[in-house]
Amino acid sequence: ERREAEVLSARESAERAARASEERVTAGRAAVAGWLNSVVSNVNAGNVGAPVLRVGPPEFAAFVGKNEPKLSDARLVTSNVTEQSGEGTAEWTAKWRTQFGASTSRRMTATATLVPDGETWRLRSWRIIEGAP
């Protein structure tokens, strides 16, 4: 009986660990999607000082401050989350008016890295890999 109890206890512990791992990965996927949503909403609101922009490329924040673009067609292209890190690639179109009033747009692709931070996830950094301003 004691051996059966030990086996049952070990099995329950393994199941709890597997559930906790899946919950962390699920939360990481949500955090990667949240990064994209946060970039889009903060840029469209003109919130250049937002934390999500501060950990991104400085030239992008300067571009947002100068040109006041609107981001559209934003989508998460890939999402790869493990217990140790979360990575995502996203695409969007930035549209703005030049100082002469002409309409301009540029397709951009960016990647982000997130890391677990206790029970939540924290955006470590992100960068534009294509279409940088």
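Just above, that's the structure.
Think of each chain on its own: its residues are numbered from 1, step by step along the sequence as written. Per-residue local features are limited, in this predicted model, to residues with pLDDT of at least 70; the limit for side-chain atom pairs, both in listing and counting, is 80 or more; totals at the level of whole chains, interfaces and linings are taken over all residues. Side-chain figures throughout are based on the complete set of non-hydrogen atoms in the structure, without hydrogens or water.

## Section: the nonpolar core
- In this description, a nonpolar core means a group of buried Ala, Val, Leu, Ile, Met, Phe, Trp, Tyr and Cys residues linked to one another through side-chain atoms lying within 4.5 Å. Note on exposure labels: buried denotes an accessible area under 20% of the residue type's maximum, exposed denotes more than 50%, and partly exposed covers the range between, all computed with a 1.4 Å probe on protein chains only. Trp35, Val39, Val52, Phe60, Trp92 and Trp126 are the most contacted members of the largest nonpolar core, which totals 28 residues.
- A helix here means a DSSP run of H or I that spans at least four residues, while a strand means a run of E at least two residues long, and both kinds are numbered starting from the N terminus. The dominant element in this core, judged by the number of residues it contributes, is helix H1 (residues 2-44), at 8 residues.
- Residues within four places of Trp35 in sequence aside, it is in contact with Val52, Leu76, Gly88, Ala90, Ala110, Thr111, Ala112, Leu123 and Trp126. Contacts are residue-level and defined by heavy atoms, with any inter-residue pair within 4.5 Å sufficient.

## Quick look at unusual backbone geometry
- Here Glu68, not a glycine, exhibits a phi torsion of approximately 50°, which is positive.
- Structurally, Glu68 is set in the loop between helix H3 (58-67) and strand S1 (70-81).
- Phi at Asp73 is positive, roughly 55°, even though this residue is not glycine.
- Looking at the secondary structure, you find Asp73 in strand S1.

## Regarding the sheet that holds strand S4 (residues 120-130)
- At least two DSSP bridges between two strands are needed for those strands to be called paired. Across the sheet, which stays open at both edges, the 4 strands sit in the order S1-S2-S3-S4 with antiparallel pairing between neighbours. Of all the strands in the sheet, just S1 and S4 have a single pairing partner and so form its edges. Along the sheet, successive strands turn relative to each other by an average axial angle of 25°, direction set aside.
- The sheet contact formed by strand S3 (residues 103-117) and S4 spans 9 bridges and is antiparallel. Lines are fitted to the C-alpha atoms to define the axes, a helix being fitted only along its stretch in contact, and any angle between axes, read from their N-to-C directions, falls within 0 to 180 degrees.

## Comments concerning the side chain of Asn42
- Along the chain, Asn42 falls in helix H1.
- Setting aside residues up to four positions removed in sequence, Asn42 forms contacts with Asn47, Ala50 and Val52.

## Concerning the packing of aromatic side chains
- Each pair of aromatic rings taken from Phe, Tyr and Trp, with Trp reduced to its six-membered ring, is defined by centres within 6.5 Å and is described as stacked if the planes are under 30 degrees apart, edge-to-face if over 60, and tilted in the remaining cases. Counted by the stated rule, this structure contains 6 aromatic pairs.
- For the pair Phe60 and Trp92, a centre-to-centre distance of 6.1 Å together with 55° between the ring planes defines the contact as tilted. Of the two residues, Phe60 is situated in helix H3 and Trp92 in strand S2 (residues 86-97); the sequence distance between them amounts to 32 residues.
- Using a relative accessible area of 0% as the deciding quantity, one classes Trp92 as buried.
- Centre to centre, the rings of Trp92 and Trp126 are 6.2 Å apart; their planes meet at 75°, and the pair counts as edge-to-face. Pair noted here: Trp92 is in strand S2 and Trp126 is in strand S4, with a separation of 34 residues, a long-range link. For the pair Trp92 and Trp126, a shared accessibility class is recorded, and that class is buried.
- These aromatic residues form a ring-pair network of at least three members: Trp35, Phe60, Phe63, Trp92, Trp96 and Trp126.

In short, the description is geometric, and any link to function would need to be established separately.
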